[in-house]
Amino acid sequence: MAGVTLQNVTKHYGTSAVVNDVSLQIAPGEFAVFLGPSGCGKTTTLRMIAGFVAPTSGSIRLGARDVTAAPPHRRNTGLVFQNYALFPHMTVAANVAFGLEMRNCPKPEIVERVKAALLRVRLEAFAERMPRQLSGGQQQRVALARALVIEPDVLLLDEPLSNLDTKLRSEMREEIRALQQSLKLTTILVTHDQEEALAVGDRLVVMNQGRIEQIGTPANIFEMPRSRFVADFTGVANLLAGRGASGGRFVLAGGETVRQADAVAGTEAVLALRPERAELLAAASGRHANELPARVVTATYLGTVSDYRVELASGTRLACRQTNEPGGGAARFAPGEAVWIGWSETAARLVAPE
Ligand SMILES: Nc1ncnc2c1ncn2[C@@H]1O[C@H](COP(=O)(O)OP(=O)(O)OP(=O)(O)O)[C@@H](O)[C@H]1O
Ligand SMILES: [Mg+2]
């Protein structure tokens, strides 16, 4: 078990920096998640840690050892590739044995370790199958066994669940988390799915255009996004520009004045309000510090919840998610209906404008 340290790591392709001055410390046994949109440099960063891509500048350490110039097989990292890349002409067992053969491990030991690795991902009955005879989820588990069998100091997972359906995806992520905990394995998982990141990570590293935007625990990132980008990427659909006024008030660009606990008079900011933290009301209730009249623009029934878009008198639009009543059968409010939208003075957060 080893920690991972990146120090001022930069990767240029031609003139563009696809990873830009990334510094980061991951503790031994920690589960870190790189979260960010397509093209932000997640895979490139992971490949630099595994040794398949050389940084243009900066250094990488595994434990106390500087591995910046070391080839992949000298790093003892287990990498599951984004497309899980099994060898199609080799059996499941041969795929898993591959890394051990490369390391000249004795034959009887290989047999034992392959068996143990397949048992761990619950594929012991599939050892003699070919990859094409497996489902996508089973193939991803083989890829995981192949990475685990070498007993890596660091496990690197590049979107390991991307090809699975929703149900298998949440099952697999629980398995990966349980496996990581029982082996106390330093792990980095790459994803662009915020729910997956929140579910498995001890710490999230949010990336944007080759840079780290924010590092924090799942709750920290979810509740206290520091930038408009992080708020937006973690599902805050309402990002309303405005300016702080005195007495904990905030004036939206559309002219509405709202109560906002962290407002600073005279400071431009963006009010970040999660759709599920606002409530739609048939009439003003006085229960929320903020209650504004609005009109329903769209209503989408999603089973457990309904998603609404409402418009304030100024034309400002807000997204709002409401839990449906059992047996309700449809969204509670219809397009065109006059409603009120309410939220408390601590339901939203102010983030810096871009
Ligand atoms: N070998 C390469 N040559 C040139 N550009 C590259 C190379 N590899 C990656 N890039 C570019 O670097 C940027 C980051 O790519 P990377 O694969 O790290 O993104 P990512 O965050 O993993 O995205 P995704 O979520 O789509 O997998 C992209 O703009 C990509 O086009
Ligand atoms: Mg990628």
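The rules behind the values
- Here the residue numbering is sequential within each chain, running from 1 through the sequence in written order.
- Labels follow written order: the first chain is A, the first ligand is 1, and so on.
- Per-residue local features of the predicted model are confined to residues with pLDDT of at least 70, and side-chain atom pairs are confined, for both listing and counting, to 80 or more; whole-chain, interface and lining totals are unaffected and use all residues.
- Heavy atoms from the whole structure form the basis of all side-chain values; hydrogens and water molecules are not counted.
- By convention in these notes, a residue is near a molecule or strand provided one of its non-hydrogen atoms lies within 4 Å of it.
- Whenever two N or O atoms come within 3.5 Å, that pair is a polar contact, provided that in protein one can donate a hydrogen and the other can accept it, and provided that, for residues adjacent in sequence, both atoms are side-chain atoms.
- Per-residue accessibility takes into account occlusion by the displayed protein chains alone, with areas from the Shrake-Rupley method and a 1.4 Å probe.
- A run of DSSP states H or I qualifies as a helix once it reaches four residues; a run of E qualifies as a strand once it reaches two. Both are numbered from the N-terminal end.
- Residues are grouped as follows: Ala, Val, Leu, Ile, Met, Phe, Trp, Tyr, Cys and Pro are nonpolar; Asp, Glu, Lys and Arg are charged; all remaining types, including Gly, are polar.
- For Phe, Tyr and Trp, rings pair up if their centres lie within 6.5 Å, where Trp contributes its six-membered ring, and each pair is then called stacked (planes under 30 degrees apart), edge-to-face (over 60) or tilted (otherwise).
- Classification of residues uses two cut-offs on accessible area relative to the type maximum, computed with a 1.4 Å probe and protein chains only: under 20% is buried, over 50% is exposed, and between them is partly exposed.
- At least two bridges found by DSSP between two strands are what make those strands a pair.
- Any two residues whose heavy atoms approach within 4.5 Å at even a single point are treated as in contact.
- Lines are fitted to the C-alpha atoms to define the axes, a helix being fitted only along its stretch in contact, and any angle between axes, read from their N-to-C directions, falls within 0 to 180 degrees.
- Domain start and end points were adopted from an automatic or database domain assignment.
- Accessible area, probed at 1.4 Å, shrinks when two parts are joined; the buried area is that loss added up over both.
- In what follows, salt bridge is the name for a side-chain nitrogen of Lys or Arg lying within 4 Å of a carboxyl oxygen of Asp or Glu.

Draft legend 1. Focus on the site of ligand 1. Around ligand 1, a shell composed of Tyr 13, Val 18, Pro 37, Ser 38, Gly 39, Cys 40, Gly 41, Lys 42, Thr 43, Thr 44, Gln 82 and Glu 159 is seen. Between ligand 1 and Ser 38 there is a distance of 2.5 Å, counted from an oxygen atom to a side-chain nitrogen or oxygen. At 2.6 Å, a side-chain N or O of Thr 44 approaches an oxygen atom of ligand 1. When the free accessible area of ligand 1 is taken as 640 Å², the share hidden by the protein chains comes to 59%. Here the shell around ligand 1 gets three residues from one element, more than from any other, and that element is helix H1 (residues 42-50). When its residues are assigned to classes, the shell around ligand 1 shows four nonpolar, six polar and two charged.

Draft legend 2. Geometry of the packing of aromatic side chains. In this structure the tally under the stated criterion is four aromatic pairs. On the numbers, 4.7 Å between centres and 55° between planes, the contact of Phe 87 with Phe 98 is tilted. Taken together, the residues Phe 87 in the loop between strand E6 (77-80) and helix H2 (92-102) and Phe 98 in helix H2 connect sequence positions 11 residues apart. A relative accessible area of 31% places Phe 98 in the partly exposed class. When the ring of Tyr 308 is compared with that of Phe 333, the centres are 6.0 Å apart and the planes differ by 70°; the resulting orientation is edge-to-face. Linking Tyr 308 in strand E17 (residues 305-312) with Phe 333 in the loop between strand E18 (317-323) and strand E19 (338-343), this pair joins segments that are 25 residues apart in sequence. According to the relative accessible area criterion, Phe 333 is buried, its value standing at 4%.

Draft legend 3. Quick peek at H1. When you tally the buried positions in H1, you get seven out of nine residues, the bulk of the element. All of the buried residues in H1 are Lys 42, Thr 44, Thr 45, Leu 46, Met 48, Ile 49 and Ala 50. Backbone geometry just downstream of H1 places Gly 51 in the positive-phi region, at approximately 100°.

Draft legend 4. View of the pairing of strand E14 (residues 268-273). With respect to burial, E14 is a largely interior element, five of its six residues being buried. Across six bridges, strand E11 (residues 238-245) lies against E14 in antiparallel orientation. When the bridges of E14 are listed, Asn 238 appears paired with Leu 273. Bridge count for E14 against strand E20 (residues 349-351) is three bridges, and the pairing is antiparallel.

Draft legend 5. Representation of unusual backbone geometry. Despite not being glycine, Lys 184 has its phi angle at roughly 50°, a positive value. One can find Lys 184 in the loop between helix H5 (166-183) and strand E8 (186-191). Even without being a glycine, Gln 209 presents a positive backbone phi close to 50°. Here Gln 209 is to be found in the loop between strand E9 (203-208) and strand E10 (211-216). Gln 209 gets classed as exposed once you look at its relative accessible area, which sits at 65%.

Draft legend 6. Focus on the environment of Glu 128. Its place among the elements puts Glu 128 in the loop between helix H3 (107-120) and helix H4 (136-148). Along the backbone, Glu 128 and Thr 45 are 83 residues apart, and their C-alpha atoms lie at a distance of 34 Å.

Draft legend 7. Up close: the environment of Thr 45. Its location among the elements puts Thr 45 in helix H1. Given the relative accessible area of 2%, Thr 45 is considered buried. Separated by 36 residues in sequence, Thr 45 and Val 9 have C-alpha atoms that sit 8.5 Å apart. If near-sequence neighbours (up to four positions away) are discounted, Thr 45 is found in contact with Leu 6, Val 19, Phe 34 and Met 207. Here the side chain of Thr 45 touches Gly 41 through a polar contact of 2.7 Å, landing on its backbone oxygen.

Draft legend 8. The arrangement of the sheet that holds E19 in detail. Read from one edge of the open sheet, five strands run E15-E19-E16-E17-E18, paired in antiparallel fashion. Edge positions in the sheet fall to strand E15 (279-281) and E18, since each has one partner strand and no second. Here the strands of the sheet are splayed against their neighbours by 45° on average, with no regard to which way each runs. Relative to E19, strand E16 (residues 290-301) runs antiparallel, the two being bridged by six bridges. Its bridge partner being in E19, Ala 294 is matched across the sheet by Val 339.

Draft legend 9. Up close: the domain arrangement of the protein chain. One can read the domain layout of the protein chain as domain 1 (4-229) and domain 2 (236-351). Averaged C-alpha coordinates put domain 1 and domain 2 at centres separated by 39 Å. Listed by partner, the interface residues are seven residues for domain 1 and seven residues for domain 2. Three residues stand out in domain 1 for area buried against domain 2, namely Phe 222, Pro 225 and Arg 228, and they jointly supply 67% of the buried area on that side. Taken together, the connections running from domain 1 to domain 2 amount to one salt bridge. Linking Arg 277 and Glu 223 is a salt bridge whose minimum nitrogen-to-oxygen distance equals 3.1 Å.

Draft legend 10. Looking closely at the side chain of Thr 186. For Thr 186, the position within the fold is in strand E8. Within the structure, the side chain of Thr 186 is placed 2.8 Å from the backbone nitrogen of Gly 29, a separation counted as a polar contact.

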